[in-house]
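What the coordinates show
Given next are the chains, with one letter for each unit.
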Amino acid sequence: MTTALDVRALEAQRLLQNYRRFPVVFTRGEGIRLFDEDGRPYLDFLSGIGVASLGHAHPVLTRALTDQAATLLHTSNLYYHPLQAELAQRLTTLSGLDRAFFCNSGTEAIEACLKFARRYWYTQGQPRSKFVALWHGFHGRTMGALSVTWDAHYRTPFEPLVPTATTLDSDDPEALLAAVDADTAAIVVEPVRGEGGVRPVPAPLASAIADACRRSGALLIADEVQSGSWRTGTFLHAPSIGLEPDLVALAKALGAGVPVGAVLLRERVASTVAAGDHGTTYGGNLLACRAALTFLDVVDTLHDRMRAASARLFERLRALQAARPDIVTDVRGAGLIAGFEVTVDALAVVNAALERGLIVNRTSNTVLRLLPPYIVTPADVDDAVDILDQAIGAVVS
Ligand SMILES: Cc1ncc(COP(=O)(O)O)c(C=O)c1O
């Protein structure tokens, strides 16, 4: 049998070393738990960075994917199949936008949004070159998405990127208004900045964004890759902060573990994209669409439970902050995305939690992030926060 040591040794020899992994090999999952090769259970409060929205081996998803694999997986976008239109209809109804485009990941969805925004202005006969994006925004690793990503350490080794993209260096509404002008094709907004430390866009900034779009005509791209697909309690988060995007990027939770990306667009933008302007071989194949349709069906049965789990999560995290005010200094988030600021080394807390059978992650040296699957219960939340408290206790002792 291959052991964890074998796996790590072989990876060290043969795999591109672009990931820093924790020393655990997961071989199985069930519900909210992952199991390592020795059968040890871990409570999963990260869901593969917000992806495994229905937990692991969900029986309804398992049946749907098995059935789809036995029926038809992929035909390419040269032909019709029955599931893309159905998924597009469900997503446009949920979001109030008009059309959908399917791809395979978050960064592809952002890349498509940037291209569609440029296409829109090109079609108007007045091409616009600029993109303005927020402080602490993260949008992916391809060249366009990287150009609108704030953290310079992701960007610098790969420059020059799109030269007309700028990222702001504060949440100051005036700075946003000053950065947007008549050459701005689009403003790119992550309504809750996940990788940037679970930072919801503050109300004054949200109204400046709406104002800047109105004044300059710039399109609004909402990156809901992490905050969308019901993660924050509503299908999209942008409308909860008063924003009406022209384009929305989705991925992560939408496929419940199967790679699915999507862009939802208003008709005025969609109508400018002609056949051949953009495309992907895999995007919207039958397996991907079946996964997303099944996710949407199952999530409809989970809303009460998600609300209860969310309320318990923030109640327990705020109690943790009250009990350890010198260690936990801020609790942020909405629905089932939570982040909290710590004065100790966040990585040490992540490691101490993992040793105790809880999976969480950190977005920086001082921010811990929780992204549990949507099947989480208030009792799971209690277990997780108890372990977090012990992990913090072990780090500070
Ligand atoms: C808000 C946001 N946008 C885009 C991406 C990129 O998605 P992917 O890793 O699927 O390319 C991420 C990934 O973490 C994200 O959180």
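Just so it is clear, the structure is predicted and the values come from calculations on it, not from any experiment.

Comments concerning the overall build of the protein chain
Broken down by element type, the protein chain carries 14 helices and 17 strands. Expected size for 397 residues packed as a compact globule is a radius of gyration near 21 Å; at 21 Å, the protein chain falls within 12% of this value. Taking the principal axes of its C-alpha atoms as reference, the protein chain extends roughly 65 × 55 × 45 Å. Residues counted as buried form 47% of the 397 residues belonging to the protein chain. For the protein chain, the share of sequence-separated contacts (at least 6 apart) that also reach a separation of at least 24 residues comes to 73%.

Regarding the site of the ligand
What surrounds the ligand is a group of 15 residues, the closest being Ser 105, Gly 106, Thr 107, Gly 140 and Val 225. No other element matches the three residues that helix α5 (residues 106-123) contributes to the shell around the ligand. When its residues are assigned to classes, the shell around the ligand shows five nonpolar, seven polar and three charged.

Thoughts on the domain arrangement of the protein chain
Along its sequence, the protein chain is organised into domain 1 (4-58 + 302-396) and domain 2 (72-299). Using C-alpha coordinates to define each centre, domain 1 is positioned 27 Å away from domain 2. Each side of the interface is counted separately: domain 1 has 23 residues, and domain 2 has 22 residues. Of all elements in the fold, only α12 (303-323), β13 (328-334), β14 (337-342), β16 (361-364) and β17 (367-370) reach the threshold of two or more residues within the side of domain 1 that touches domain 2. Of the residues assigned to the side of domain 1 that touches domain 2, the class counts are 11 nonpolar, nine polar and three charged.

So, the nonpolar core
Within the largest apolar cluster, 119 residues are counted, with the highest numbers of intra-cluster contacts made by Ala 109, Cys 113, Ile 187, Ile 221, Ala 262 and Val 263. The element contributing the most residues to this core is α5, with nine residues. Residue-level mapping places this core at the junction of two domains, with at least three residues from each of domain 1 (4-58 + 302-396) and domain 2 (72-299). Once you skip the residues sitting within four places of it in the chain, Ile 221 turns out to touch Cys 113, Ala 117, Ala 186, Ile 187, Val 188, Val 189, Pro 245, Leu 247 and Ala 249.

Comments concerning helix α14 (residues 378-396)
For α14, with 19 residues, the first-to-last C-alpha span of 27 Å sits near the 27 Å given by 1.5 Å per residue. As for α14, its buried residues are in contact with β3 (41-44), α12, α13 (346-355) and β15 (358-359).

Some details on the pairing of strand β10 (residues 219-223)
Counting buried residues along β10, five of its five residues qualify, which places the element largely inside the surrounding structure. Along β10, one buried face is formed by Leu 219, Ile 221 and Asp 223 and the opposite face, lined by Leu 220 and Ala 222, is buried too. The pairing of strand β7 (residues 184-189) with β10 spans four bridges and is classified as parallel. The residue bridging Val 189 from the neighbouring strand is Ala 222, located in β10. Bridge count for β10 against strand β11 (residues 247-250) is three bridges, and the pairing is parallel. In the strand pairing of β11, Asp 223 is matched with Ala 249.

Here we look at the sheet that holds β16
Reading across from one edge, β13-β14-β17-β16 is the order of the four strands in this open sheet, with antiparallel pairing throughout. In the strand order of this sheet, the two ends are held by β13 and β16, each with one partner. For this sheet the average axis-to-axis angle between neighbouring strands, irrespective of direction, equals 25°. Note that β16 and β17 share three bridges and pair antiparallel. In the strand pairing of β17, Asn 361 is matched with Arg 369. Across the sheet, α12 is in contact with β13 and β14; its angle to β13 comes to roughly 170°. Here α13 sits on the sheet and contacts β14, β16 and β17; the angle it forms with β16, its principal contact strand, is near 170°.

Some words on the packing of α13 against α14
Between α13 and α14, the least distance of the axes is 8 Å, while the angle of their chain directions is 125°. By the angle between their axes, α13 is oblique relative to α14. By crossing handedness, the relation of α13 to α14 is classed as right-handed. Two secondary-structure elements touch here, α13 through Ala 348, Val 349, Ala 352 and Ala 353 and α14 through Ile 387, Leu 388, Ala 391, Ile 392, Ala 394 and Val 395.

Some words on the packing of helix α4 (residues 83-95) against helix α11 (residues 286-299)
In the contact formed by α4 and α11, the axes pass within 9 Å of each other and the chain directions differ by 35°. As α4 runs across α11, the sense of the crossing is left-handed. The segment α4 lies against α11, with Leu 83, Gln 84, Glu 86, Leu 87 and Arg 90 engaging Leu 286, Cys 289, Arg 290, Ala 292, Leu 293 and Leu 296. Counted by class, the contact of α4 with α11 contains seven nonpolar, one polar and three charged residues.

A few points about unusual backbone geometry
With an omega dihedral of 10°, the bond running from Glu 159 to Pro 160 counts as a cis peptide bond. Inspection of the secondary structure assignment puts Pro 160 in the loop between α7 (152-155) and β6 (165-167). Phi angles above zero are rare outside glycine, and His 136 is one such case at about 70°. Residue His 136 is classed as buried on the basis of its 24 C-beta neighbours within 10 Å.

Describing the pairing of β3
Examined bridge by bridge, strand β2 (residues 33-36) and β3 share three bridges and lie antiparallel to one another. Paired with Arg 33 across the bridge in β3 is Leu 43. In this structure, the hairpin formed by β2 and β3 is closed by a connection of four residues, where Gly 39 is found at a positive phi of approximately 85°. Inspection of the sheet shows β3 paired to β15 by two bridges, in the parallel sense. Bridged to Leu 43 within β15 is Leu 358.

Here is what the cut-offs are and how they apply
- Residues numbered from 1 in each chain as written.
- Predicted model: local features only at pLDDT ≥ 70, side-chain atom pairs only at ≥ 80, totals over all residues.
- Helix = DSSP H or I, 4+ residues; strand = E, 2+ residues; numbered from the N terminus.
- Rg over C-alpha atoms; globule rule 2.2 N^0.38 Å.
- Buried ≥ 20, exposed ≤ 12 C-beta atoms within 10 Å, placed from the backbone.
- Contact = placed C-beta atoms within 7 Å.
- Near = placed C-beta within 6 Å.
- Nonpolar A, V, L, I, M, F, W, Y, C, P; charged D, E, K, R; others polar.
- Domains from an automatic or database assignment.
- Core = buried A, V, L, I, M, F, W, Y, C linked by C-beta atoms within 7 Å.
- Expected span 1.5 Å × (residues − 1).
- Pairing = 2+ DSSP bridges.
- Axes fitted to C-alpha atoms, helices over the stretch in contact; angles between N-to-C directions.
- Parallel < 35°, antiparallel > 145°, perpendicular 65-115°, else oblique.
- Left-handed = near helix turned anticlockwise from the far one by under 90°.

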